[in-house]
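The chain contents come next:
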Amino acid sequence: MQYISTRGVAPSLGFADVVLEGLATDGGLYVPQSWPSLGTHRPSAYAQLAANVMQSFVEPDFDNKTLLELCEQAYSSFGEPQVVPLVEIEPNHYLLELFHGPTLAFKDIALQLLGLFFDSILSARGEHITVVAATSGDTGSAAIDGVSKCKNVDMVILYPHGRVSDVQRRQMTTVQSPNVHAIAIDGTFDDCQDLVKAMFNDTVFRNTHRLAAVNSINWARVMAQIVYYVSASDHFAKPIDVTVPTGNFGNVLSGWIAKQMGTPLHHLVVASNSNDILTRFFENQTMTVTGVTPSLSPSMDIQVSSNFERLLFEMNDRDGAQTAQQLQRFRELGTFAVEPDQYAQWIAPNFRAGRCDDAQTLATINDVYASSGILIDPHTAVGVHVARQHINPDIPMVTLATAHPAKFPDAVEQATGVRPQLPEHLADLFERPERTQLLPLDLQVVQKFVASVAH
Ligand SMILES: *Cc1c(COP(=O)(O)O)cnc(C)c1O
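Remember, it's a predicted structure, so these values are computed and weren't measured experimentally. (Residues numbered from 1 in each chain as written. Predicted model: local features only at pLDDT ≥ 70, side-chain atom pairs only at ≥ 80, totals over all residues. Heavy atoms only, no water.)

## Focus: the overall build of the chain
For step 1, the next point in the chain: Looking only at helices and strands, one finds 18 helices and 16 strands in the chain.
For step 2, the next point in the chain: Relative to a compact globule of 455 residues, whose C-alpha radius of gyration would be 23 Å, the chain shows 21 Å and is just as compact.
For step 3, the next point in the chain: When its C-alpha atoms are laid out on the principal axes, the chain stretches across 55 × 50 × 50 Å.
For step 4, the next point in the chain: For the chain, restricting intrachain contacts to residue pairs at least 6 apart in sequence, the fraction spanning at least 24 positions comes to 74%.
For step 5, the next point in the chain: Taken as a whole, the chain presents about 17100 Å² of accessible surface, with 50% of it coming from carbon and sulfur.
For step 6, the next point in the chain: Charged side chains in the chain number 29 positive and 48 negative. The centres of these two groups are separated by 3 Å. (Helix = DSSP H or I, 4+ residues; strand = E, 2+ residues; numbered from the N terminus. Rg over C-alpha atoms; globule rule 2.2 N^0.38 Å. Contact = heavy atoms within 4.5 Å. Areas by Shrake-Rupley, 256 points an atom, 1.4 Å probe, with all protein chains shown as cover. Lys, Arg positive; Asp, Glu negative; His and termini not counted. Charge placed at Lys NZ, Arg CZ, Asp CG, Glu CD.)

In structure tokens, the structure reads:
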């Protein structure tokens, strides 16, 4: 499989190079040259299914035996033998629990595997990378758990000082591996992300320290997420709808790819909190930037959904120049629209959307607990609320449960009066010593720090 950039200029690359490169050199995102079809015979064990679904994306860099070994290893750290169990919460409405990984958010599914891909590629080549990433909480902890075991990786994770939950911070700062550095930045998540972007745009710095990305611009993350849509669909004998609590559009994009590959998915329902740029786009075909307001579902508090670029590229019939131009205009004007025929061809048959504010989030957590005894986290609650607006009695609805309730205990307790307990492997999280450092919002200072820890 070869990969091409959504902006049409960067050279096409194979899978291993795309994983290390992250962002294409023309600023675009890598996508496969074509969408492969699913095989008709699919294993039910999750790791085997994962290897089966991903095989054509990783050839020839990984053969099936090696890929299967990596998948077995990645998913052995999950607290559930089924890896992503399906639970019915009300008639015809199911949760796909994606939070049984080591850091309790769905990002573990991709990042446990990404760490193994890094290790395998880098040891074969005798190379070394420096992962630099910004996090609002979940990406950082999942990346640290998945990638810190790699021998050939140094990691610097920037998080906004005082703006991540105690559980999220401790999951990052209590990891003692010497190659991991969780750094508090005196600023917001967007400030952290701007620092990371600036380091990637500094070509000399990027090449000197061999910077690599672990956010969902990295193709391997989108790829690993395709698998659980196939797994969910395989539980049913007919097409299903899937509702996805959405931030950067990475997770939904994986669902759209699963559908391209032949998974019988009817609609993908995009669920936003009050930061609803995507829902507004799906309603009126216009993407317009507004400010970000903090919500009870902080991992979805985004201004611009970076992975939308991959869908836009398809909507433009894979014309990279046109995609680059549109995004340039979007950056300048803060708004762009798609043509009615593009909307009719790509959006209407595949997507539905809705939003859920904080009051509705709390009401949904409370209501699901009262009727089923199941505690859900605020991100999942956004999904459940929006899913209920789109349920069709003839089509099973699956809502993706993206975080464990104990990862956001304050909101869950506020809604239900019950404080969810951390699973056993994290029970002593609040006794573990923390290791972190506060740096000012200053690119030069942060670059100097990265240079000092990169090998
Ligand atoms: C990251 C995250 C999301 C949003 O996922 P995207 O791929 O950015 O759309 C939703 N819920 C939780 C718990 C997350 O950590």
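## Quick word on the packing of helix H3 (residues 64-75) against helix H4 (residues 107-125)
For step 1, the next point in the chain: The geometry of H3 relative to H4 is characterised by a closest axis approach of 9 Å and an angle of 130 degrees between their N-to-C directions. Comparing the axis directions of H3 and H4 gives the class oblique. The way H3 lies across H4 gives a crossing that is right-handed. Taken together, the residues of H4 that come into contact with H3 (itself represented by Leu67, Leu70, Cys71, Gln73, Ala74 and Tyr75) are Ile109, Gln112, Leu113, Leu116 and Phe117. (Axes fitted to C-alpha atoms, helices over the stretch in contact; angles between N-to-C directions. Parallel < 35°, antiparallel > 145°, perpendicular 65-115°, else oblique. Left-handed = near helix turned anticlockwise from the far one by under 90°.)

## What about the environment of leucine 426?
For step 1, the next point in the chain: If you trace the backbone, leucine 426 turns up in the loop between helix H17 (409-416) and strand S16 (437-439).
For step 2, the next point in the chain: Discounting chain neighbours no more than four positions away, the residues touching leucine 426 are Pro102, Leu104, Gln171 and Arg432.

## Notes on the nonpolar core
One recurring pattern in soluble globular proteins is that nonpolar side chains are buried together.
For step 1, the next point in the chain: Counting residues in each nonpolar core, the largest one holds 109 residues, and the members touching the most others are Tyr75, Phe117 and Phe118.
For step 2, the next point in the chain: For this core, the leading source of residues is helix H9 (residues 219-234), giving 11 residues.
For step 3, the next point in the chain: The residues contacting tyrosine 75, other than those within four sequence positions of it, are Tyr46, Ala47, Ala50, Val83, Ile109, Leu113 and Ala224.
For step 4, the next point in the chain: Leu23, Phe200, Phe205 and Val453 belong to the second-largest nonpolar core, a separate cluster that totals 23 residues. (Core = buried A, V, L, I, M, F, W, Y, C linked by side-chain atoms within 4.5 Å. Buried < 20%, exposed > 50% of the residue type's maximum accessible area, 1.4 Å probe, protein only.)

## What to know about the packing of aromatic side chains
Aromatic ring pairs: the centre-centre distance and the angle between the two ring planes describe each pair.
For step 1, the next point in the chain: Under the definition given, this model contains 20 aromatic pairs.
For step 2, the next point in the chain: Summarising the aromatic geometry, the rings of phenylalanine 281 and phenylalanine 282 are spaced 5.4 Å apart at their centres and angled 75 degrees between planes, so their arrangement reads as edge-to-face. In terms of burial, phenylalanine 281 and phenylalanine 282 fall into one category: buried.
For step 3, the next point in the chain: One aromatic cluster is present, built from ring pairs that chain together Tyr3, Phe15, Trp35, Phe57, Phe62, Phe117, Trp219, Trp256 and Trp346. (Phe/Tyr/Trp six-rings, centres within 6.5 Å; stacked < 30°, edge-to-face > 60°.)

## Digging into the pattern of salt bridges
For step 1, the next point in the chain: The tally for this structure, following the rule as stated, stands at 21 salt bridges.
For step 2, the next point in the chain: In this structure, the salt-bridge partner of aspartate 367 is arginine 388, at a minimum N-O distance of 2.8 Å. One end of the pair, aspartate 367, is in helix H15 (residues 358-372); the other, arginine 388, is in helix H16 (residues 378-390), and 21 residues separate them in sequence.
For step 3, the next point in the chain: Overall, the relative accessible area of 31% leaves arginine 388 in the partly exposed class. (Salt bridge = Lys/Arg side-chain N within 4 Å of Asp/Glu carboxyl O.)

## Focus on the layout of surface pockets
For step 1, the next point in the chain: One number sums up the size of the second largest pocket: a volume of about 580 Å³.
For step 2, the next point in the chain: Along its surface, the second largest pocket is lined by 25 residues, and Arg163, Pro294, Ser295, Pro298 and Asp301 are the ones closest to its centre.
For step 3, the next point in the chain: Across the lining of the second largest pocket, the residue classes break down as 13 nonpolar, six polar and six charged. (1 Å grid on protein atoms, 1.4 Å probe; cavity = no way out; pocket = protein on both sides within 12 Å on 5 of 7 lines; lining within 4 Å. Points joined across faces, edges and corners; volume = space filled by probe spheres on them. Nonpolar A, V, L, I, M, F, W, Y, C, P; charged D, E, K, R; others polar.)

## With respect to the site of the ligand
For step 1, the next point in the chain: Near the ligand there are 15 residues, and of these Lys107, Asp138, Gly247, Asn248 and Thr402 occur at the shortest range.
For step 2, the next point in the chain: In this structure, phenylalanine 249 approaches the ligand through a main-chain N or O atom, which is 3.3 Å from an oxygen atom.
For step 3, the next point in the chain: When isolated, the ligand has an accessible area of 390 Å², and the protein chains bury 97% of it. (Near = heavy atom within 4 Å. Polar contact = N/O pair within 3.5 Å; in protein donor to acceptor, adjacent residues only side chain to side chain.)

## Let's talk about the side chain of asparagine 316
For step 1, the next point in the chain: Considering the arrangement of structural elements, one finds asparagine 316 in the loop between helix H12 (308-315) and helix H13 (320-333).
For step 2, the next point in the chain: Within the structure, asparagine 316 has its side chain in polar contact with the side chain of glutamine 322 (distance 3.2 Å).

## What to know about the sheet that holds strand S5 (residues 93-97)
Remark on secondary structure: sheet strands pair via backbone hydrogen bonds, oriented parallel or antiparallel.
For step 1, the next point in the chain: With mixed pairing, the six strands of this open sheet are ordered in space as S4-S5-S15-S10-S11-S14. Where the open sheet ends on each side, the last strands, each with one partner, are strand S4 (86-90) and strand S14 (351-355). When strand polarity is set aside, the average angle formed by the axes of neighbouring strands in this sheet is 25 degrees.
For step 2, the next point in the chain: Pairing analysis gives three bridges linking strand S10 (residues 240-245) to strand S15 (residues 397-401), with the strands arranged parallel. Residue pairing for S15: aspartate 241 is matched across the bridge by methionine 397. (Pairing = 2+ DSSP bridges.)

## Quick look at the sheet that holds S16
For step 1, the next point in the chain: Spatially, the five strands line up as an open sheet ordered S9-S6-S7-S8-S16, and their pairing is parallel. Both outer strands of the open sheet, strand S9 (211-212) and S16, are each paired with one neighbouring strand and no more.
For step 2, the next point in the chain: Together, strand S6 (129-134), strand S7 (153-160) and strand S8 (180-185) form the strand contacts of helix H5 (residues 138-147), whose direction differs from that of S7 by roughly 165 degrees.
For step 3, the next point in the chain: Lying over the sheet, helix H6 (residues 166-173) contacts S7 and S8, oriented at roughly 160 degrees with respect to S7.

Limitation: the analysis is restricted to geometry and does not speak to function.
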